[in-house]
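Summary of structural features
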Amino acid sequence: MDPEIMFKKEDLATVDIQEEDLTTKELIGKGQFGSVYRGLWKGLQVAIKQIPRGYGDPDISEVNICRRLRHPNIIMLFGCFISETDTNIITNYIKGVNLGVALGLIRGTTSQLTRSTMVFSCFSLPKACLTCMKKR
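As the structure is a prediction and not an experimental result, all values here were calculated from the model.

For the rest of this paragraph, the subject is the overall build of the chain. Within the chain, the secondary structure is distributed over four helices and seven strands. A separation of at least 24 residues holds for 48% of the contacts in the chain among residues at least 6 apart in sequence.

So, in structure tokens, the structure goes:
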């Protein structure tokens, strides 16, 4: 196993997230498939991605695999729950700009990444993705 990728034991990674344990704060992003809010989960700052029902059934088994994955270049997924209106995916909150702005992909923005960060990303992110694909 690649030492950079770690899968936690299932019993250590399984957390039941209850809707009443979440406090939704401000909207921090909106995309084609839903909205992302900053929030609190039992006092921990988190990102809450809300995907409206109707975009197909969520693949909960995939969520359970991702919840156990730990890597410094991959956002940690804590879990999810399904409400009457949305599928809610809870991840750790990373303060900063969204990826589209950081890369200069949104009209009227320029890349905010330094050259060294871009070079590092070009080598480390594909390696992490390849390792994740091998572990599926």
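The next subject is the nonpolar core. In terms of nonpolar packing, the biggest core is built from eight residues, these being Ile 17, Leu 22, Trp 41, Val 46, Ile 48, Phe 78, Phe 81 and Ile 90. The set of elements that each furnish at least two residues to this core consists of strand S4 (44-52) and strand S6 (77-82). For Leu 22, the contacting residues outside a window of four places in its chain are Ile 17, Leu 40, Trp 41, Val 46, Ile 48, Phe 81 and Ile 90.

Once that is clear, we can look at the packing of aromatic side chains. In this structure the tally under the stated criterion is one aromatic pair. Ring geometry for Trp 41 against Phe 78: centres 5.6 Å apart, planes inclined by 40 degrees, an arrangement best described as tilted. Remark: Phe 78 occurs in strand S6 and Trp 41 occurs in strand S3 (residues 34-41); sequence separation between them is 37 residues. Accessibility assignment for this pair places Trp 41 and Phe 78 in one class, buried.

The rules behind each value
- Residues numbered from 1 in each chain as written.
- Predicted model: local features only at pLDDT ≥ 70, side-chain atom pairs only at ≥ 80, totals over all residues.
- Heavy atoms only, no water.
- Helix = DSSP H or I, 4+ residues; strand = E, 2+ residues; numbered from the N terminus.
- Contact = heavy atoms within 4.5 Å.
- Core = buried A, V, L, I, M, F, W, Y, C linked by side-chain atoms within 4.5 Å.
- Buried < 20%, exposed > 50% of the residue type's maximum accessible area, 1.4 Å probe, protein only.
- Phe/Tyr/Trp six-rings, centres within 6.5 Å; stacked < 30°, edge-to-face > 60°.

The values are spatial; any link to function lies outside them.
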